[in-house]
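# Observations on the model geometry
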Amino acid sequence: MNVYDQIIKKSEKGKVHMTLIDPATSGFEGSANIAHEAGRAGTDFILLGGSTHLTIKEMDEAALRIKSKTELPVIIFPGSSDMFTKNADAIFFMSLLNSKDREFLMDHQVKAAKLVKTSGIESIPMGYIIFEPGMTVGRVGKAMLIGREDKSLAVNYALAAELLGMKLVYMEAGSGAPSHISANVIKEVKKYSSIPVIVGGGIRTPLSAKEICNAGADIIVTGTIAEQAVDVYSSLKPIIDSIR
Ligand code: 1GP
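Here is what the cut-offs are and how they apply
- Residues numbered from 1 in each chain as written.
- Predicted model: local features only at pLDDT ≥ 70, side-chain atom pairs only at ≥ 80, totals over all residues.
- Heavy atoms only, no water.
- UniProt positions renumbered as here; feature names shortened; annotations may be inferred.
- Near = heavy atom within 4 Å.
- Polar contact = N/O pair within 3.5 Å; in protein donor to acceptor, adjacent residues only side chain to side chain.
- Areas by Shrake-Rupley, 256 points an atom, 1.4 Å probe, with all protein chains shown as cover.
- Nonpolar A, V, L, I, M, F, W, Y, C, P; charged D, E, K, R; others polar.
- Helix = DSSP H or I, 4+ residues; strand = E, 2+ residues; numbered from the N terminus.
- 1 Å grid on protein atoms, 1.4 Å probe; cavity = no way out; pocket = protein on both sides within 12 Å on 5 of 7 lines; lining within 4 Å.
- Buried < 20%, exposed > 50% of the residue type's maximum accessible area, 1.4 Å probe, protein only.
- Pairing = 2+ DSSP bridges.
- Right-handed = clockwise from strand over helix to strand, strands pointing away.
- Contact = heavy atoms within 4.5 Å.
- Axes fitted to C-alpha atoms, helices over the stretch in contact; angles between N-to-C directions.
- Parallel < 35°, antiparallel > 145°, perpendicular 65-115°, else oblique.

Looking at an unreviewed UniProt entry, the chain carries the name Geranylgeranylglyceryl phosphate synthase, with the source organism given as Cuniculiplasma divulgatum. Recorded in UniProt for the chain, the comment headed Cofactor (unreviewed entry) runs: "Mg(2+)".

Laid out in structure tokens, this is it:
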């Protein structure tokens, strides 16, 4: 079964958890360790990437190391056109829909298109939208940040992603954000959206994970919590358990 179908199947049965691993922050060994421990804690998918630039060689190495420690599907979550590896199982072929810079809307995608297509890797089209405070990705991606309670703009962006044929929409507060996006906004988007909604950024406690899932998020992503943990398993397990 391809990765997208696995995501759909899992999200039909319950809430999905994805662990974001950034090898630029965690190193190769640390990345492999996080993948292993996150798998033990019950995460469903590994996202490989982030907003720090990595070369294809580094991505190759990181994916290999991660795959040597887990059987979970590894999905590239690219910050630029160079962040690609054939060693992953799929790539989120994404556009930062509220960027004011065409680089993040379409230029990286154009640069990477032939490589991705000819690699044979599964490509999953995804709309990516960034909310306040946005953190590094908001700044680097030159996002016109969506206000924390701006339900109407959020709905329009999410629906634009869907009507453009994107298969997922990712609502992001920014990695390391002091708080996640608003539950009211998630609820409103879910009233209209027919594609799975991913929420990430600032999720650190079982309570917030549950709040986001109760509001309607189909998939949640955590990154920082595992990155900073001394014991990755113990930091992730309660969060993942809380959404089951
Ligand atoms: C970043 O949403 C993810 O794209 C993860 O955010 O690092 O805050 O968990 P955190």
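As a structural note, the neighbourhood of the ligand is formed by Leu-20, Phe-77, Tyr-170, Glu-172, Ser-175, Gly-176, Gly-200, Gly-201, Gly-202, Thr-222, Gly-223 and Thr-224. Between the ligand and the protein, one listed contact pairs an oxygen atom with a side-chain N or O atom of Tyr-170 at 2.9 Å. Considering the ligand on its own, with 310 Å² of exposed area, one finds that the protein chains cover 97% of that surface. Of the residues belonging to the shell around the ligand, the class tally is three nonpolar, eight polar and one charged.

Right, let's get into unusual backbone geometry. Of note, the bond from Glu-132 into Pro-133 is cis; its omega dihedral lies within 30 degrees of zero at 5°. Mapped onto the elements of the fold, Pro-133 is located in the loop between β5 (122–130) and α5 (135–140). Within the chain, Met-135 stands out as a residue other than glycine whose phi angle is a positive 55°.

Using the residue numbers shown here, the UniProt feature "binding site: Mg(2+)" (unreviewed entry) corresponds to Asp-22 and Ser-51. Maximum C-alpha separation among the annotated residues is 8.4 Å over a sequence range of 30 residues, consistent with a single clustered spot. The annotated residues contributing to the lining of the largest pocket are Asp-22 and Ser-51. Its place among the elements puts Asp-22 in the loop between β1 (16–21) and α2 (23–41). Relative accessible area serves as the criterion here: at 7%, Asp-22 is assigned to the buried category.

What follows covers the pairing of strand β8 (residues 219–222). For a regular strand, side-chain orientation follows a simple rule: the groups alternate between the two sheet faces. Side chains of β8 alternate between two faces, with Ile-219 and Val-221 and Ile-220 and Thr-222 buried alike. Here β1 runs beside β8; their pairing, made up of four bridges, is parallel. Each residue of the ladder has a partner; that of Val-16, found in β8, is Ile-219. In the sheet, strand β7 (residues 197–200) pairs with β8 via three bridges, with the strands oriented parallel. Within the sheet, the bridge partner assigned to Gly-200 lies in β8 and is Val-221. In this view, the connection linking β7 to its parallel neighbour β8 by way of helix α8 (residues 206–215) has right-handed handedness.

Time to look at the UniProt feature "binding site: sn-glycerol 1-phosphate" (unreviewed entry) in the chain. Within this structure's numbering, the places UniProt gives as "binding site: sn-glycerol 1-phosphate" (unreviewed entry) are Tyr-170, Met-171, Glu-172, Ala-173, Gly-174, Ser-175, Gly-176, Gly-201, Gly-202, Gly-223 and Thr-224. Considered against the largest pocket, the annotated residues that line it turn out to be Tyr-170, Glu-172, Gly-174, Ser-175, Gly-176, Gly-201, Gly-202, Gly-223 and Thr-224. With respect to the element layout, Tyr-170 can be found in strand β6 (residues 168–172). Within the element layout of this structure, Glu-172 appears in strand β6. For Glu-172, a relative accessible area of 5% puts it in the buried group. Each residue touching Glu-172, except ones within four places of it in the same chain, is listed here: Phe-77, Tyr-128, Ile-129, Ile-130, Phe-131, Val-137, Ile-181, Gly-200 and Gly-201.

Tracing the backbone through its elements, the reader meets Val-189 in helix α7 (residues 183–192). Classification of Val-189 as buried rests on a relative accessible area of 1%. Once the C-alpha coordinates of Val-189 and Met-106 are considered, the two residues, 83 residues apart in sequence, prove to be 24 Å apart. The contact partners of Val-189, leaving out residues within four places of it in the chain, are Ala-154, Val-155, Ala-158, Met-171 and Val-197.

Note on placement: Asp-231 falls in the loop between α9 (224–228) and α10 (232–242). Sequence-wise, Asp-231 and Gly-127 are 104 residues apart; in three dimensions their C-alpha atoms are separated by 33 Å. Within polar-contact distance, the side chain of Asp-231 engages the backbone nitrogen of Tyr-233 at 3.2 Å. Looking at Asp-231, its side chain comes within polar contact range of the side chain of Ser-234, at 2.6 Å.

Before going further, it helps to spend a moment on the packing of α2 against helix α3 (residues 56–67). Viewed as axis vectors pointing N to C, α2 and α3 meet at an angle of 20°, and their least axial separation amounts to 8 Å. Relative to α3, α2 is oriented roughly parallel. Contacts between α2 and α3 involve Pro-23, Phe-28, Glu-29, Ser-31, Ala-32 and Ala-35 from the former and Glu-58, Glu-61, Ala-62, Arg-65 and Ile-66 from the latter. A class-by-class count of the residues in the contact of α2 with α3 yields six nonpolar, one polar and four charged.

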